[in-house]
Amino acid sequence: MNQLQLFLPCAAGVEGFLADEVHAVTGLAGNDLLTGRGGALVRGSWRQALELNLHSRLAQRVLVQLGHAPYRNEHDLYEAAGAVAWEVWFTPRQSFKIEVTAQHSPLTSLNFAALRIKDAVADRFRRKAGGVRPDVDTQRPDARIHAHLTTDTVTLYIDTSGEPLFKRGWREDKGDAPLKETLAAAMIAASGWDPHGDAPVPLYDPCCGSGTIAIEAAQIACRIAPGSLRRFGFEKLLPYQAHVWAGLKEEARAAGQAPAVPVFGSDVAHRMVDFAQRNAERAGVGRAVEFRGGDALQRQPPSPPPGVLLLNPPYGERIAAAGTAGRNAAERAGARSAGRETAQTEDGGEFFSRLAAHWKKHYAGWTAWMLTPDLQLPGRMRLKESRRVPLWNGPIECRLFRFDLVAGSARERGGRPAVDNGGP
(Lines give C-alpha, C1' and ligand atoms only; values in the text may rest on other atoms or scores of the structure.)
Protein backbone atom coordinates (compact mmCIF):
# COMPACT_ATOMS: atom_id res chain seq x y z
CA MET A 1 0.00 0.00 0.00
CA ASN A 2 3.02 2.30 -0.32
CA GLN A 3 2.93 2.75 -4.12
CA LEU A 4 -0.65 3.57 -4.99
CA GLN A 5 -1.75 5.48 -8.08
CA LEU A 6 -4.20 8.09 -6.82
CA PHE A 7 -6.45 10.38 -8.81
CA LEU A 8 -8.04 13.42 -7.17
CA PRO A 9 -10.76 14.86 -9.43
CA CYS A 10 -11.59 18.55 -9.11
CA ALA A 11 -13.54 21.27 -10.89
CA ALA A 12 -12.10 22.58 -14.15
CA GLY A 13 -9.68 25.43 -13.52
CA VAL A 14 -8.71 24.19 -10.06
CA GLU A 15 -6.05 21.65 -11.10
CA GLY A 16 -3.03 23.86 -10.37
CA PHE A 17 -4.37 24.98 -6.99
CA LEU A 18 -5.10 21.34 -6.12
CA ALA A 19 -1.54 20.30 -6.99
CA ASP A 20 -0.22 23.04 -4.67
CA GLU A 21 -2.51 21.77 -1.92
CA VAL A 22 -1.43 18.14 -2.39
CA HIS A 23 2.21 19.23 -2.15
CA ALA A 24 1.48 21.15 1.05
CA VAL A 25 -0.30 18.15 2.62
CA THR A 26 2.03 15.33 1.50
CA GLY A 27 5.29 16.94 0.39
CA LEU A 28 5.05 15.08 -2.92
CA ALA A 29 6.44 16.71 -6.06
CA GLY A 30 7.96 15.92 -9.44
CA ASN A 31 6.74 12.72 -11.11
CA ASP A 32 4.88 11.81 -7.92
CA LEU A 33 2.52 14.76 -8.41
CA LEU A 34 1.18 15.67 -11.84
CA THR A 35 -1.76 17.74 -12.98
CA GLY A 36 -4.15 16.28 -15.51
CA ARG A 37 -7.40 17.36 -17.06
CA GLY A 38 -9.91 17.65 -14.24
CA GLY A 39 -7.66 16.59 -11.39
CA ALA A 40 -4.29 15.67 -9.92
CA LEU A 41 -2.39 12.40 -10.43
CA VAL A 42 -0.55 11.32 -7.28
CA ARG A 43 1.85 8.45 -6.61
CA GLY A 44 1.53 7.98 -2.87
CA SER A 45 0.89 5.67 0.04
CA TRP A 46 -2.30 4.50 1.71
CA ARG A 47 -1.50 6.83 4.62
CA GLN A 48 -1.24 9.78 2.22
CA ALA A 49 -4.60 8.83 0.70
CA LEU A 50 -6.08 9.17 4.20
CA GLU A 51 -4.28 12.47 4.77
CA LEU A 52 -5.64 13.88 1.51
CA ASN A 53 -9.19 12.89 2.45
CA LEU A 54 -8.77 14.66 5.77
CA HIS A 55 -7.03 17.82 4.56
CA SER A 56 -8.02 18.50 0.93
CA ARG A 57 -10.41 21.39 0.44
CA LEU A 58 -10.27 21.31 -3.36
CA ALA A 59 -10.53 17.64 -4.39
CA GLN A 60 -13.92 16.09 -5.06
CA ARG A 61 -12.75 12.57 -4.12
CA VAL A 62 -9.61 10.52 -3.54
CA LEU A 63 -9.63 7.55 -5.93
CA VAL A 64 -7.18 4.64 -6.07
CA GLN A 65 -6.51 3.46 -9.63
CA LEU A 66 -6.65 -0.34 -9.83
CA GLY A 67 -6.94 -1.02 -13.55
CA HIS A 68 -6.38 0.56 -16.95
CA ALA A 69 -7.00 -1.26 -20.24
CA PRO A 70 -8.10 -0.77 -23.84
CA TYR A 71 -11.66 -1.69 -24.78
CA ARG A 72 -13.91 -1.87 -27.80
CA ASN A 73 -17.10 -3.33 -26.31
CA GLU A 74 -18.77 -4.39 -23.08
CA HIS A 75 -17.01 -7.77 -23.09
CA ASP A 76 -13.67 -5.96 -22.87
CA LEU A 77 -14.98 -4.06 -19.83
CA TYR A 78 -15.93 -7.38 -18.23
CA GLU A 79 -12.44 -8.74 -18.80
CA ALA A 80 -10.75 -5.60 -17.45
CA ALA A 81 -12.86 -5.55 -14.27
CA GLY A 82 -12.43 -9.28 -13.73
CA ALA A 83 -8.65 -8.89 -13.71
CA VAL A 84 -8.67 -6.55 -10.68
CA ALA A 85 -8.09 -8.05 -7.21
CA TRP A 86 -11.19 -6.55 -5.59
CA GLU A 87 -10.90 -9.06 -2.74
CA VAL A 88 -7.92 -7.05 -1.44
CA TRP A 89 -10.23 -4.09 -0.84
CA PHE A 90 -13.54 -5.51 0.45
CA THR A 91 -15.14 -8.82 1.35
CA PRO A 92 -18.02 -10.83 -0.20
CA ARG A 93 -20.06 -10.01 2.91
CA GLN A 94 -20.02 -6.33 2.01
CA SER A 95 -21.96 -4.37 -0.60
CA PHE A 96 -20.70 -2.39 -3.59
CA LYS A 97 -21.83 0.01 -6.28
CA ILE A 98 -20.58 0.76 -9.81
CA GLU A 99 -20.46 4.33 -11.10
CA VAL A 100 -19.53 4.97 -14.73
CA THR A 101 -18.47 8.24 -16.34
CA ALA A 102 -17.45 8.69 -19.96
CA GLN A 103 -15.88 11.08 -22.45
CA HIS A 104 -16.58 10.30 -26.09
CA SER A 105 -17.22 6.61 -25.41
CA PRO A 106 -18.53 4.67 -28.44
CA LEU A 107 -20.80 2.56 -26.23
CA THR A 108 -24.51 3.24 -26.57
CA SER A 109 -25.49 2.47 -22.96
CA LEU A 110 -23.47 3.37 -19.88
CA ASN A 111 -26.01 1.47 -17.79
CA PHE A 112 -25.18 -1.74 -19.65
CA ALA A 113 -21.48 -0.98 -19.25
CA ALA A 114 -22.00 -0.66 -15.48
CA LEU A 115 -23.93 -3.94 -15.48
CA ARG A 116 -21.10 -5.83 -17.17
CA ILE A 117 -18.53 -4.41 -14.74
CA LYS A 118 -20.81 -5.40 -11.86
CA ASP A 119 -21.05 -8.93 -13.27
CA ALA A 120 -17.26 -9.17 -13.51
CA VAL A 121 -16.78 -8.10 -9.89
CA ALA A 122 -19.42 -10.55 -8.65
CA ASP A 123 -18.06 -13.43 -10.75
CA ARG A 124 -14.52 -12.85 -9.48
CA PHE A 125 -15.71 -13.07 -5.88
CA ARG A 126 -17.61 -16.25 -6.68
CA ARG A 127 -14.40 -17.80 -7.98
CA LYS A 128 -12.28 -16.56 -5.08
CA ALA A 129 -14.77 -17.05 -2.22
CA GLY A 130 -16.35 -20.42 -2.95
CA GLY A 131 -19.46 -19.15 -4.69
CA VAL A 132 -20.14 -16.20 -2.34
CA ARG A 133 -20.48 -12.75 -3.85
CA PRO A 134 -21.12 -9.25 -2.42
CA ASP A 135 -24.51 -7.60 -2.83
CA VAL A 136 -25.15 -4.45 -4.83
CA ASP A 137 -26.36 -1.43 -2.85
CA THR A 138 -26.91 1.75 -4.85
CA GLN A 139 -27.78 3.86 -1.78
CA ARG A 140 -25.25 3.09 0.97
CA PRO A 141 -22.61 0.75 -0.43
CA ASP A 142 -19.60 -0.33 1.58
CA ALA A 143 -17.38 0.02 -1.51
CA ARG A 144 -17.76 2.36 -4.48
CA ILE A 145 -16.14 1.38 -7.77
CA HIS A 146 -15.66 4.07 -10.42
CA ALA A 147 -15.09 3.32 -14.09
CA HIS A 148 -14.09 6.07 -16.49
CA LEU A 149 -14.38 5.45 -20.24
CA THR A 150 -12.63 7.38 -23.00
CA THR A 151 -12.86 6.62 -26.70
CA ASP A 152 -10.80 3.44 -26.30
CA THR A 153 -9.64 2.95 -22.68
CA VAL A 154 -11.28 2.12 -19.36
CA THR A 155 -9.79 3.12 -16.00
CA LEU A 156 -11.06 1.44 -12.83
CA TYR A 157 -10.85 3.00 -9.37
CA ILE A 158 -11.94 2.28 -5.84
CA ASP A 159 -13.23 5.31 -3.97
CA THR A 160 -11.68 6.04 -0.57
CA SER A 161 -13.89 9.07 0.11
CA GLY A 162 -17.46 7.76 0.04
CA GLU A 163 -19.59 10.88 -0.01
CA PRO A 164 -18.07 13.72 -2.09
CA LEU A 165 -15.49 15.72 -0.17
CA PHE A 166 -17.46 18.96 -0.44
CA LYS A 167 -19.78 17.46 2.17
CA ARG A 168 -17.78 18.63 5.18
CA GLY A 169 -20.40 17.66 7.75
CA TRP A 170 -21.24 21.10 9.12
CA ARG A 171 -23.72 22.61 6.66
CA GLU A 172 -27.14 21.58 7.89
CA ASP A 173 -28.76 24.98 7.33
CA LYS A 174 -28.68 26.23 3.76
CA GLY A 175 -30.60 28.50 1.46
CA ASP A 176 -31.38 28.33 -2.26
CA ALA A 177 -28.55 27.39 -4.67
CA PRO A 178 -25.82 27.10 -2.03
CA LEU A 179 -22.20 27.36 -3.09
CA LYS A 180 -20.27 24.10 -2.78
CA GLU A 181 -17.53 24.17 -0.17
CA THR A 182 -14.94 23.01 -2.71
CA LEU A 183 -15.71 25.97 -4.98
CA ALA A 184 -15.55 28.38 -2.05
CA ALA A 185 -12.13 26.94 -1.19
CA ALA A 186 -11.05 27.33 -4.83
CA MET A 187 -12.06 31.00 -4.76
CA ILE A 188 -9.98 31.51 -1.62
CA ALA A 189 -7.00 29.72 -3.16
CA ALA A 190 -7.26 31.72 -6.40
CA SER A 191 -7.46 34.99 -4.50
CA GLY A 192 -4.16 34.23 -2.76
CA TRP A 193 -5.63 35.12 0.65
CA ASP A 194 -3.27 33.70 3.27
CA PRO A 195 -4.12 34.17 6.96
CA HIS A 196 -0.76 32.63 7.89
CA GLY A 197 1.47 34.86 5.76
CA ASP A 198 3.74 37.70 6.79
CA ALA A 199 1.04 40.37 6.45
CA PRO A 200 -2.38 38.71 6.75
CA VAL A 201 -5.50 40.78 6.09
CA PRO A 202 -9.19 40.29 7.00
CA LEU A 203 -11.63 38.63 4.62
CA TYR A 204 -15.25 39.72 4.16
CA ASP A 205 -18.14 38.22 2.15
CA PRO A 206 -20.95 40.83 1.93
CA CYS A 207 -23.38 38.37 0.28
CA CYS A 208 -22.59 35.41 2.51
CA GLY A 209 -25.81 33.40 2.34
CA SER A 210 -25.43 30.36 4.59
CA GLY A 211 -21.79 31.30 5.18
CA THR A 212 -19.84 28.91 2.96
CA ILE A 213 -17.00 31.24 1.88
CA ALA A 214 -16.56 32.81 5.31
CA ILE A 215 -16.64 29.45 7.13
CA GLU A 216 -14.10 27.90 4.75
CA ALA A 217 -11.86 30.93 5.27
CA ALA A 218 -12.24 30.79 9.06
CA GLN A 219 -11.37 27.08 9.12
CA ILE A 220 -8.25 27.83 7.06
CA ALA A 221 -7.32 30.61 9.50
CA CYS A 222 -7.81 28.22 12.45
CA ARG A 223 -6.00 25.33 10.71
CA ILE A 224 -9.07 23.10 11.07
CA ALA A 225 -8.96 20.11 8.70
CA PRO A 226 -12.03 20.17 6.41
CA GLY A 227 -12.67 16.44 6.88
CA SER A 228 -12.46 16.44 10.67
CA LEU A 229 -16.25 16.21 11.17
CA ARG A 230 -17.24 13.50 8.69
CA ARG A 231 -16.92 9.81 7.92
CA PHE A 232 -15.14 8.34 4.88
CA GLY A 233 -15.49 5.39 2.57
CA PHE A 234 -12.05 4.04 3.45
CA GLU A 235 -13.31 3.22 6.96
CA LYS A 236 -15.10 0.21 5.45
CA LEU A 237 -12.24 -1.00 3.25
CA LEU A 238 -9.88 -3.82 4.25
CA PRO A 239 -6.63 -1.76 4.43
CA TYR A 240 -8.22 0.53 7.05
CA GLN A 241 -6.55 0.59 10.47
CA ALA A 242 -8.43 2.51 13.13
CA HIS A 243 -5.34 3.46 15.14
CA VAL A 244 -3.63 4.98 12.11
CA TRP A 245 -6.69 7.09 11.31
CA ALA A 246 -7.07 8.14 14.95
CA GLY A 247 -3.44 9.29 14.94
CA LEU A 248 -3.93 11.40 11.81
CA LYS A 249 -7.00 13.07 13.26
CA GLU A 250 -5.19 13.80 16.51
CA GLU A 251 -2.30 15.39 14.60
CA ALA A 252 -4.80 17.57 12.75
CA ARG A 253 -6.58 18.55 15.97
CA ALA A 254 -3.29 19.48 17.66
CA ALA A 255 -2.41 21.79 14.74
CA GLY A 256 -5.45 24.01 15.38
CA GLN A 257 -4.89 27.59 16.45
CA ALA A 258 -6.61 30.90 17.07
CA PRO A 259 -6.89 32.95 13.85
CA ALA A 260 -4.43 35.78 13.28
CA VAL A 261 -6.98 37.84 11.34
CA PRO A 262 -10.78 38.09 11.51
CA VAL A 263 -13.26 36.81 8.95
CA PHE A 264 -16.59 38.55 8.34
CA GLY A 265 -19.84 37.84 6.54
CA SER A 266 -23.12 39.65 6.08
CA ASP A 267 -26.37 39.12 4.23
CA VAL A 268 -29.48 41.15 3.53
CA ALA A 269 -31.68 38.30 4.84
CA HIS A 270 -31.41 37.84 8.60
CA ARG A 271 -32.67 34.28 8.17
CA MET A 272 -29.53 33.47 6.21
CA VAL A 273 -27.34 35.13 8.84
CA ASP A 274 -28.88 32.79 11.43
CA PHE A 275 -28.14 29.83 9.14
CA ALA A 276 -24.55 30.97 8.70
CA GLN A 277 -23.99 31.39 12.43
CA ARG A 278 -25.35 27.91 13.20
CA ASN A 279 -23.20 26.41 10.44
CA ALA A 280 -20.13 28.21 11.81
CA GLU A 281 -20.74 26.80 15.29
CA ARG A 282 -20.92 23.26 13.88
CA ALA A 283 -17.74 23.90 11.85
CA GLY A 284 -15.86 24.89 15.00
CA VAL A 285 -15.39 28.54 13.98
CA GLY A 286 -18.26 30.23 15.77
CA ARG A 287 -15.83 32.64 17.46
CA ALA A 288 -13.50 33.05 14.48
CA VAL A 289 -16.05 34.52 12.08
CA GLU A 290 -18.48 37.39 12.64
CA PHE A 291 -21.82 37.41 10.81
CA ARG A 292 -24.21 40.36 10.65
CA GLY A 293 -27.33 41.31 8.78
CA GLY A 294 -27.23 44.16 6.32
CA ASP A 295 -27.57 45.29 2.73
CA ALA A 296 -24.37 44.93 0.68
CA LEU A 297 -25.05 48.42 -0.70
CA GLN A 298 -25.00 49.95 2.77
CA ARG A 299 -22.60 47.91 4.90
CA GLN A 300 -19.47 49.79 5.95
CA PRO A 301 -16.08 48.00 6.02
CA PRO A 302 -15.87 45.70 9.05
CA SER A 303 -12.24 46.72 9.59
CA PRO A 304 -9.76 49.31 8.24
CA PRO A 305 -7.95 48.61 4.94
CA PRO A 306 -6.32 46.62 3.59
CA GLY A 307 -8.70 43.68 3.34
CA VAL A 308 -10.16 41.18 0.88
CA LEU A 309 -13.77 41.16 -0.34
CA LEU A 310 -14.65 37.70 -1.69
CA LEU A 311 -18.16 37.01 -2.96
CA ASN A 312 -20.32 34.95 -5.26
CA PRO A 313 -23.01 37.47 -6.32
CA PRO A 314 -26.36 36.62 -7.90
CA TYR A 315 -26.50 35.58 -11.54
CA GLY A 316 -28.61 33.71 -14.10
CA GLU A 317 -28.84 30.16 -12.80
CA ARG A 318 -28.47 31.13 -9.12
CA ILE A 319 -30.94 32.56 -6.64
CA ALA A 320 -28.97 34.69 -4.21
CA ALA A 321 -28.89 37.74 -2.00
CA ALA A 322 -28.78 41.01 -3.79
CA GLY A 323 -29.59 43.98 -1.62
CA THR A 324 -31.79 47.00 -2.14
CA ALA A 325 -31.34 47.30 -5.91
CA GLY A 326 -31.64 43.57 -6.35
CA ARG A 327 -34.85 43.53 -4.38
CA ASN A 328 -36.23 46.35 -6.52
CA ALA A 329 -35.29 44.45 -9.69
CA ALA A 330 -36.98 41.32 -8.40
CA GLU A 331 -40.12 43.24 -7.49
CA ARG A 332 -40.23 44.81 -10.95
CA ALA A 333 -40.05 41.33 -12.44
CA GLY A 334 -42.74 40.08 -10.09
CA ALA A 335 -40.34 37.54 -8.58
CA ARG A 336 -40.63 36.19 -5.06
CA SER A 337 -38.26 34.15 -2.95
CA ALA A 338 -38.75 32.46 0.41
CA GLY A 339 -35.27 33.45 1.60
CA ARG A 340 -32.80 35.83 0.09
CA GLU A 341 -33.98 38.29 -2.53
CA THR A 342 -33.76 37.26 -6.17
CA ALA A 343 -31.49 39.25 -8.48
CA GLN A 344 -30.30 37.86 -11.78
CA THR A 345 -27.28 39.44 -13.44
CA GLU A 346 -29.33 40.39 -16.47
CA ASP A 347 -31.90 42.11 -14.23
CA GLY A 348 -29.51 43.39 -11.57
CA GLY A 349 -27.42 45.94 -13.47
CA GLU A 350 -28.53 48.63 -11.05
CA PHE A 351 -27.37 46.53 -8.10
CA PHE A 352 -23.90 45.96 -9.51
CA SER A 353 -23.30 49.56 -10.58
CA ARG A 354 -24.41 50.79 -7.15
CA LEU A 355 -22.25 48.16 -5.45
CA ALA A 356 -19.20 49.38 -7.37
CA ALA A 357 -19.95 52.99 -6.41
CA HIS A 358 -20.33 51.94 -2.77
CA TRP A 359 -17.02 50.11 -2.88
CA LYS A 360 -15.18 53.04 -4.44
CA LYS A 361 -16.57 55.40 -1.83
CA HIS A 362 -16.06 53.27 1.28
CA TYR A 363 -13.64 50.42 0.49
CA ALA A 364 -10.58 52.18 -0.92
CA GLY A 365 -7.51 50.08 -0.17
CA TRP A 366 -9.43 46.78 -0.27
CA THR A 367 -9.16 44.12 -2.96
CA ALA A 368 -12.43 42.64 -4.26
CA TRP A 369 -12.78 39.21 -5.88
CA MET A 370 -16.09 38.35 -7.53
CA LEU A 371 -17.16 35.05 -9.14
CA THR A 372 -19.56 35.40 -12.08
CA PRO A 373 -20.32 33.82 -15.48
CA ASP A 374 -20.95 37.30 -16.91
CA LEU A 375 -17.76 38.32 -18.73
CA GLN A 376 -19.22 41.79 -19.22
CA LEU A 377 -19.78 42.40 -15.52
CA PRO A 378 -16.69 44.62 -15.03
CA GLY A 379 -18.07 46.93 -17.70
CA ARG A 380 -21.46 46.98 -16.03
CA MET A 381 -19.76 47.94 -12.79
CA ARG A 382 -17.49 50.49 -14.51
CA LEU A 383 -14.51 48.82 -12.89
CA LYS A 384 -11.37 47.55 -14.59
CA GLU A 385 -10.36 44.10 -13.43
CA SER A 386 -6.68 43.51 -12.68
CA ARG A 387 -7.02 39.75 -13.00
CA ARG A 388 -9.50 37.12 -14.11
CA VAL A 389 -9.29 33.44 -13.15
CA PRO A 390 -11.36 30.80 -15.00
CA LEU A 391 -13.40 28.60 -12.61
CA TRP A 392 -16.42 26.37 -13.08
CA ASN A 393 -19.47 26.35 -10.81
CA GLY A 394 -20.75 22.90 -11.72
CA PRO A 395 -21.66 23.13 -15.42
CA ILE A 396 -21.45 26.95 -15.42
CA GLU A 397 -18.24 28.49 -16.75
CA CYS A 398 -17.30 31.48 -14.60
CA ARG A 399 -14.56 34.01 -14.04
CA LEU A 400 -13.20 35.17 -10.71
CA PHE A 401 -12.53 38.87 -11.28
CA ARG A 402 -10.13 40.88 -9.16
CA PHE A 403 -10.73 44.59 -8.61
CA ASP A 404 -8.16 46.79 -6.85
CA LEU A 405 -10.39 49.38 -5.19
CA VAL A 406 -9.46 53.04 -4.99
CA ALA A 407 -11.60 56.07 -4.29
CA GLY A 408 -13.43 57.71 -7.18
CA SER A 409 -13.39 56.68 -10.85
CA ALA A 410 -10.60 56.10 -13.33
CA ARG A 411 -11.44 59.41 -14.98
CA GLU A 412 -11.14 61.21 -11.63
CA ARG A 413 -7.71 59.59 -11.14
CA GLY A 414 -6.43 60.90 -14.46
CA GLY A 415 -7.72 58.10 -16.68
CA ARG A 416 -5.29 55.48 -15.42
CA PRO A 417 -7.26 52.19 -15.25
CA ALA A 418 -5.91 49.22 -13.37
CA VAL A 419 -3.63 46.92 -15.35
CA ASP A 420 -5.26 43.77 -16.78
CA ASN A 421 -2.98 40.86 -15.93
CA GLY A 422 -4.50 38.65 -18.57
CA GLY A 423 -6.59 35.53 -18.56
CA PRO A 424 -9.29 34.54 -21.00
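These figures come from a predicted structure and were not determined experimentally.

Q: Outline the overall build of the protein, supporting the account with residue identities and numerical values.
A: Secondary structure summary: the protein contains 11 helices and 15 strands in total. Put simply, the protein has 424 residues, and 54% of those count as buried. Here the analysis covers contacts within the protein between residues at least 6 apart in sequence; of these, 79% occur between residues at least 24 apart. Within the structure as shown, the protein displays about 18700 Å² of accessible surface, and the carbon and sulfur contribution to it stands at 48%.

Q: Break down the packing of aromatic side chains for me, with residues and values.
A: Inspection of every chain in the model, using the stated rule, returns 12 aromatic pairs. Centre to centre, the rings of Phe90 and Phe125 are 5.1 Å apart; their planes meet at 45°, and the pair counts as tilted. Of this pair, Phe90 sits in the loop between α3 (74-82) and β5 (95-102) while Phe125 sits in helix α4 (residues 110-128), and the two are 35 residues apart along the sequence. Grouping residues by exposure puts Phe90 and Phe125 together as buried. Aromatic rings pair up to connect Trp46, Trp89, Phe232, Phe234, Tyr240 and Trp245 into one cluster.

Q: With reference to specific residues and values, describe the sheet that holds strand β14 (residues 387-393).
A: Read from one edge of the open sheet, seven strands run β11-β10-β9-β12-β13-β15-β14, paired in mixed fashion. Each end of this open sheet is capped by a strand with a single partner; those strands are β11 (289-293) and β14. Recorded for the sheet is a direction-independent mean angle of 20° between the axes of neighbouring strands. Sheet topology note: the strand β9 (residues 203-205)/strand β12 (residues 308-311) ladder contains two bridges and is parallel. By the bridge assignment for β12, Leu203 is matched with Val308. Strands in contact with helix α5 (residues 181-191) are β12, β13 (367-372), β14 and β15 (396-404); relative to β14, the strand with the most contacts, it is inclined by about 165°.

Q: Tell me about the nonpolar core, and name the residues and values.
A: Counting residues in hydrophobic clusters, the biggest one holds 95 residues, and the most contacted among them are Phe90 and Trp193. Not counting the four nearest positions on each side in its chain, Phe90 is found in contact with Phe96, Val121, Phe125, Pro134, Ala143, Ile145, Ile158 and Leu238. Ala296, Leu355, Met381 and Phe403 belong to the second largest nonpolar core, which has 22 residues in total.

Q: Tell me about the pairing of strand β7 (residues 143-149), and please be specific about residues and values.
A: Remember that side chains alternate between the two faces of the sheet whenever the strand is regular. Summarising burial for β7: six of the seven residues are buried, a large majority. As paired elements, β7 and strand β8 (residues 153-159) share five bridges and run antiparallel to each other. Residue pairing in the sheet places His146 in a bridge with Tyr157 of β8. The turn joining β7 and β8, which pair antiparallel and follow one another in sequence, is formed by three residues.

Q: For helix α6 (residues 212-222), give the residues involved together with the corresponding values.
A: In terms of burial, α6 is largely enclosed, as 10 of its 11 residues are buried. Turning to α6, the residues buried within the fold contact α5, β9, β10 (263-267), α8 (270-282), β11 and β12. Downstream of α6 by a residue or two, Arg223 has a phi angle that is positive, lying close to 55°.

Q: Any details on the packing of α5 against α6? Residues and values, ideally.
A: Look at α5 against α6: their axes get within 9 Å of each other, and the N-to-C directions meet at 65°. Relative to α6, the crossing made by α5 is right-handed. Along the contact surface, α5 presents Glu181, Ala184, Ala185, Met187 and Ile188, while α6 presents Thr212, Ile213, Glu216, Ala217 and Ile220. By residue class, the composition of the contact of α5 with α6 is seven nonpolar, one polar and two charged.

The rules behind each value
- Residues numbered from 1 in each chain as written.
- Predicted model: local features only at pLDDT ≥ 70, side-chain atom pairs only at ≥ 80, totals over all residues.
- Heavy atoms only, no water.
- Helix = DSSP H or I, 4+ residues; strand = E, 2+ residues; numbered from the N terminus.
- Buried < 20%, exposed > 50% of the residue type's maximum accessible area, 1.4 Å probe, protein only.
- Contact = heavy atoms within 4.5 Å.
- Areas by Shrake-Rupley, 256 points an atom, 1.4 Å probe, with all protein chains shown as cover.
- Phe/Tyr/Trp six-rings, centres within 6.5 Å; stacked < 30°, edge-to-face > 60°.
- Pairing = 2+ DSSP bridges.
- Axes fitted to C-alpha atoms, helices over the stretch in contact; angles between N-to-C directions.
- Core = buried A, V, L, I, M, F, W, Y, C linked by side-chain atoms within 4.5 Å.
- Left-handed = near helix turned anticlockwise from the far one by under 90°.
- Nonpolar A, V, L, I, M, F, W, Y, C, P; charged D, E, K, R; others polar.

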